[in-house]
Each structure stands twice: as structure tokens, then as C-alpha cells.
Amino acid sequence: MKSRLWGAALAVTCLTMFAGTAQAGPTLDAVKGRGQLFCGVNAGLPGFSNPDSQGKWTGLDADTCRAVAAAVLGDANKIRFTPLSAQQRLTAVQTGEIDVLARNTTWTLTRDAQGLNFAPTTYYDGQGLMVPKSLGVTSAKQLDGATICVQMGTTTELNLSDWFRTRNISFKPVVIEALDEVNAAYFAGRCDVMTADVSALAGTRATVAPKPDDHLILPEVLSKEPLGPVVRHGDDQWRDIVTWTIYALIEAEEKGITAANVDAKLKDPDPGIQRLLGVQGDMGPLLGLDKQWAYRAIKAVGNYGEIFDRNVGKGSPLKLDRGLNGLWTNGGLMYAPPIR
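Moving on: the sheet that holds strand E8 (residues 127-132). In spatial order, the strands read E10-E9-E11-E8-E12; together these five strands make up an open sheet with mixed pairing. Each edge of the open sheet is held by one strand with a lone partner, namely strand E10 (171-176) and strand E12 (215-217). Averaged over all neighbouring strand pairs, the angle between strand axes comes to 30 degrees, with direction disregarded. The pairing of E8 with strand E11 (residues 193-197) spans four bridges and is antiparallel. Its bridge partner lying in E11, Gln127 is registered against Asp197. Of the strands in this sheet, E8, strand E9 (146-151), E10, E11 and E12 are in contact with helix H7 (residues 179-187), which crosses E9 at around 160 degrees.

Below, the structure written as C-alpha cells:
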């Protein structure tokens, strides 16, 4: 009888601990202590992270960091953006130079197993090839012997070699360290072809090309490129915070919650909306945050669809289709687990 009572008491204790407020982990403590989120970004990639003429960082990745800052610190502007090269970015996460990397970084097994944790994918992409229309090429299969500009230290470099070798197509790589230098080399005619993620090619064509209509992105997609934020391995609480902030933005789109109507939605009777916005339940405290963490993130940057549209979608110079980045209810891959 005593063992049964002891077992029941232990179960109640465990449930109580589970339902309580999470203790702050090292990264959350550090961020709150300094009052600023350190976010690593691309030095300049239109649509994802790019400083405007006033030096303000814009883009899907930049807005992802703003959402985390709003959720954790209550202010989307309490953030320090650190531009990083492809070679610097992963080391910056591992050494603690930054709290989160939001820099069009592909989730791979090797990276995941070597001291890094990936949050949910914020953009499903694939590697593409861009050529001048004057080259007269309409397919990658016509590129035998072509010179191809590619950025050093990226999955792009590896994918390029794999794809062409598998199809017995010869090519001459022109490997360059920085993306802006890759762009410059391509437009200067140092190479016949430029390769990068399709979204990056679209951004380059829309914002860098002297005559965008003179360039064609070929139809072949060479790889899978799930892009998303990265955090250090070993701090599960911080990973949960970044993960569920992203899921909150996706859930907000599904529930019809926007930056403009989020205040009105506080009175919505939908239990799912009430849990998400902190009207009911203790979702925030389970993460070590307050109840309005998701409300603040949505209020600051909007839902996932709003972030997509203004940075890379129809409301942006890139004008990319949602495609795989649509909600699961519309045939896409954006799907948030239950927030309950």
C-alpha cells in the first residue's frame, strides 16, 4: 500500500514540476543579462538578410531574429546583427559569439552532428543555375565544359560537383569566397554560369543584375536545401525557445492572426488562439518565458506568411511563389505541432 501511495505522490510531483516555470538556461540567462540578442546573418543577401540604405537589416532571416528578440526580451529592436561569411558562420555559433545563426544555412547530418542544433526550416529551397540568355542554354544538361562560379565553403560547392559528376557532364569551377564576389565575377563574364540557392539567384537577378531580363534561372534543381536558424548543441531550453517562436509564427498564419489584428484576436474564443496568445494556459512559462511571448513576436513581425510575402514573396522584388513554403493546408510543408 505504501509503495502505491509513494508512486502516486511521485507522479504528482513530476507532473507539478513539468507544469511549472522552466529554469533559465545559460543562453537565456546571457541574453537577458545583456538585454540584447546576438544574431548572425549573411553580410548581404536580398530577401533574407541585407542592410538597407539606413543600415537597417531587412529580410526573412533578419525578421526571424527579431521575432526571437521580441519573444525573449519584449523588444524586437534589442538585437545585434553580426554579418558572417560562409566560413565564419558555424564557428560563431559553436564558440558562443552569437546566440542564433539565421543565415540561409542548410540543415545537413554533418552539421547537426558536430555541435549544432537546427531549429525548424524557415525556407525550403534548392540549388539552381543562372545563365545569360545570350548563352542560348535552356537546360543544365547543355552545360558540358562550362565555367561555373560557386561560393567556397558551402553545400553549393559540394552539390555542384555531385550533380555534374553523376551525369558525366564536365565543368570548370571558379571557386570564390564571398557571395558578392561571385556575383561580380558572373556579371563581369568570368564564368558562363552562376550557381547558388534558387532564392539567392532570384535575389541577385532582381537586385544586382544590370539587366535582370537578360538572365535565366534554369529549370533543374540540383539539391534539397532546407534553410533555417542554428543554435549551439547542449542548451535544450534555448533550442526550444527558437523552435517554438518559429512555430508560433506558422500557427499564427494558420489561425489568421496578423500583426494588425493580433490585439483584437486576444478576445477570440478559439482555445488554440487563446493558448498561443497567452490568454489561457502556461505555454510561455514552460519555455522559461512569460505568457505573452508569442503575442509579442507576432505583433513585432507578423505571421510567417506576412514575413515571407514582404521579404521574398509577391510583395518583394524577388516575387517568389510560396510553393513548398506554403502552409500544409495549401499543399506546402509549413506545419506547426500543436501548441497545447
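Inspection of every chain in the model, using the stated rule, returns 11 salt bridges. The shortest N-O distance in the salt bridge between Asp63 and Arg66 comes to 3.2 Å. Taken together, the residues span about one helical turn, with Asp63 and Arg66 both in helix H3 (residues 60-73) at a distance of three residues. Using a relative accessible area of 7% as the deciding quantity, one classes Asp63 as buried. A salt bridge links Arg296 to Asp290; the nearest nitrogen and oxygen atoms lie 3.0 Å apart. Look at Asp290 and you get partly exposed, because its relative accessible area is 39%.

All told, the structure shown has two disulfides when counted by the stated rule. One disulfide bridge connects Cys39 with Cys65, the sulfur atoms lying 1.9 Å from each other. Between Cys39 and Cys65, the disulfide has an S-S torsion of 60 degrees and is therefore right-handed. With Cys39 in strand E1 (residues 37-42) and Cys65 in helix H3, this residue pair connects regions lying 26 residues apart in the sequence. Cys39 sits in the buried class, given a relative accessible area of 0%. Between Cys149 and Cys191 runs a disulfide, and the two sulfur atoms are separated by 2.0 Å. Since a negative S-S torsion denotes a left-handed disulfide, the Cys149-Cys191 link at about -110 degrees is left-handed. With Cys149 in strand E9 and Cys191 in the loop between H7 and E11, this pair connects stretches of sequence that are 42 residues apart. As far as burial versus exposure is concerned, Cys149 and Cys191 are alike and both buried. With its bonded cysteines labelled in order along the sequence, the protein chain shows the pairing 1-2, 3-4.

As a general feature of sheets, a regular strand has side chains that alternate between the two faces. By the criterion of burial, E1 is predominantly enclosed, with six of the six residues buried. Bridge count between E1 and strand E4 (residues 79-84): six bridges; the pairing is parallel. In the sheet register, Phe38 faces E4, and the bridge partner there is Arg80. As paired elements, E1 and strand E5 (residues 100-101) share two bridges and run parallel to each other. Its bridge partner being in E5, Gly40 is matched across the sheet by Leu101.

It is worth spelling out the nonpolar core at this point. Among the nonpolar cores identified, the biggest contains 73 residues, and Leu37, Val72, Trp238 and Leu276 are the most heavily contacted of them. Apart from residues lying up to four places away in sequence, Leu37 is in contact with Val31, Cys65, Val68, Ala69, Leu73, Lys78, Ile79, Arg80, Asp99, Val100 and Trp238. Of all hydrophobic cores here, the second largest spans 15 residues; its members include Val137, Ile148, Leu160 and Leu222.

The next point concerns the packing of aromatic side chains. Applying the stated criterion across every chain, the model contains 10 aromatic pairs. Aromatic pair Trp163 and Phe164: ring centres 5.2 Å apart, planes at 65 degrees, arrangement edge-to-face. We classify Phe164 as buried; its relative accessible area is 0%. An angle of 65 degrees between the planes, with centres 5.0 Å apart, marks the rings of Tyr186 and Phe187 as edge-to-face. In this structure, Arg80 is placed above the aromatic ring of Phe38, and the distance from its NZ or CZ to the ring centre is 3.6 Å.

Once that is clear, we can look at the confidence of the model for the protein chain. With 94% of its residues at a pLDDT of at least 70, the protein chain reaches an overall mean of 93. Segment residues 1-19 is flagged for pLDDT under 50; beyond a separation of four residues in sequence, or across chains, it makes two contacts in the model.

Moving on, we get to helix H2 (residues 26-34). Given 3.6 residues to a turn, an α-helix orients residues that are three or four positions apart in the same direction. Those residues of H2 lying buried are Thr27, Leu28 and Val31. Angularly, the buried residues of H2 cover 100 degrees about the axis, an arc narrow enough to put them on a single face. Exposed residues pointing more than 90 degrees away from the buried face of H2 are listed as Pro26 and Gly33. Contact partners of the buried residues in H2: E1, H3, strand E14 (230-232) and helix H9 (236-254).

What counts and how
- Residues numbered from 1 in each chain as written.
- Predicted model: local features only at pLDDT ≥ 70, side-chain atom pairs only at ≥ 80, totals over all residues.
- Heavy atoms only, no water.
- Pairing = 2+ DSSP bridges.
- Helix = DSSP H or I, 4+ residues; strand = E, 2+ residues; numbered from the N terminus.
- Axes fitted to C-alpha atoms, helices over the stretch in contact; angles between N-to-C directions.
- Contact = heavy atoms within 4.5 Å.
- Salt bridge = Lys/Arg side-chain N within 4 Å of Asp/Glu carboxyl O.
- Buried < 20%, exposed > 50% of the residue type's maximum accessible area, 1.4 Å probe, protein only.
- Disulfide = S-S within 2.5 Å.
- Core = buried A, V, L, I, M, F, W, Y, C linked by side-chain atoms within 4.5 Å.
- Phe/Tyr/Trp six-rings, centres within 6.5 Å; stacked < 30°, edge-to-face > 60°.
- Lys NZ or Arg CZ within 6 Å of the ring centre and 35° of its normal.
- pLDDT = per-residue confidence, 0-100.
- Arc of directions from axis to C-beta.

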